[in-house]
Amino acid sequence: MTVRIVMHASSLPDGYPSDERDQNYEDTSGARYAYTVQQSGALTVWKLEGGMPLPDVEIVYGPTAWESVQGDARSQA
């Protein structure tokens, strides 16, 4: 499933259109995306490709950068 993140308007660069706050990480035939929220509030987006046993970190957003997230939550275990 695609991971969809809505960014806080205050975390966007000056002049960035506030109606374009969505960041999307869309699954493809070769990759899947998932996310975890750390105890600190940081949001990590993970990318799992092909037959790889462990996902790679795609990006990490600080706790004040994002407002909401939807998609596949990855187990932190």
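In what follows, the structure referred to is the one given above.
S.K.: Account for the pattern of salt bridges, naming residues and giving values.
M.R.: Counted by the stated rule, this structure contains three salt bridges. Note that Arg21 is salt-bridged to Glu67, the shortest N-O span being 2.9 Å. In this pair, Arg21 sits in the loop between β1 (3-7) and β2 (22-25) while Glu67 sits in strand β6 (residues 66-70), placing the two residues 46 residues apart along the sequence. Its salt-bridge partner being Lys47, residue Glu49 comes within 3.8 Å of it at the nearest N-O pair. By relative accessible area, Glu49 is classed as partly exposed at 36%.

S.K.: How would you sum up the sheet that holds strand β5 (residues 56-61)? Please name residues and give values.
M.R.: Strand order in this open sheet of three strands is β3-β4-β5, and the pairing throughout is antiparallel. Each edge of the open sheet is held by one strand with a lone partner, namely β3 (31-37) and β5. Between one strand and the next, the sheet's axes are offset by a mean angle of 20°, whatever the strand orientation. Two elements, strand β4 (residues 43-49) and β5, share five bridges in a ladder whose sense is antiparallel. Along β5, the bridge assignment pairs Trp46 with Val57.

S.K.: Report on the nonpolar core, specifying residues and quantitative values.
M.R.: Counting residues in each nonpolar core, the largest one holds 13 residues, and the members touching the most others are Val3, Ile5 and Tyr61. Those elements giving two or more residues to this core turn out to be β1, β3, β4 and β6. Here this core takes three residues from β1, the largest share from any one element. Those residues in contact with Ile5, other than ones at most four positions away along the chain, are Arg21, Asp22, Gln23, Tyr25, Leu43, Val45, Tyr61, Trp66, Ser68 and Val69.

Basis of the calculations
- Residues numbered from 1 in each chain as written.
- Predicted model: local features only at pLDDT ≥ 70, side-chain atom pairs only at ≥ 80, totals over all residues.
- Heavy atoms only, no water.
- Salt bridge = Lys/Arg side-chain N within 4 Å of Asp/Glu carboxyl O.
- Helix = DSSP H or I, 4+ residues; strand = E, 2+ residues; numbered from the N terminus.
- Buried < 20%, exposed > 50% of the residue type's maximum accessible area, 1.4 Å probe, protein only.
- Pairing = 2+ DSSP bridges.
- Axes fitted to C-alpha atoms, helices over the stretch in contact; angles between N-to-C directions.
- Core = buried A, V, L, I, M, F, W, Y, C linked by side-chain atoms within 4.5 Å.
- Contact = heavy atoms within 4.5 Å.

These figures capture arrangement, not role.
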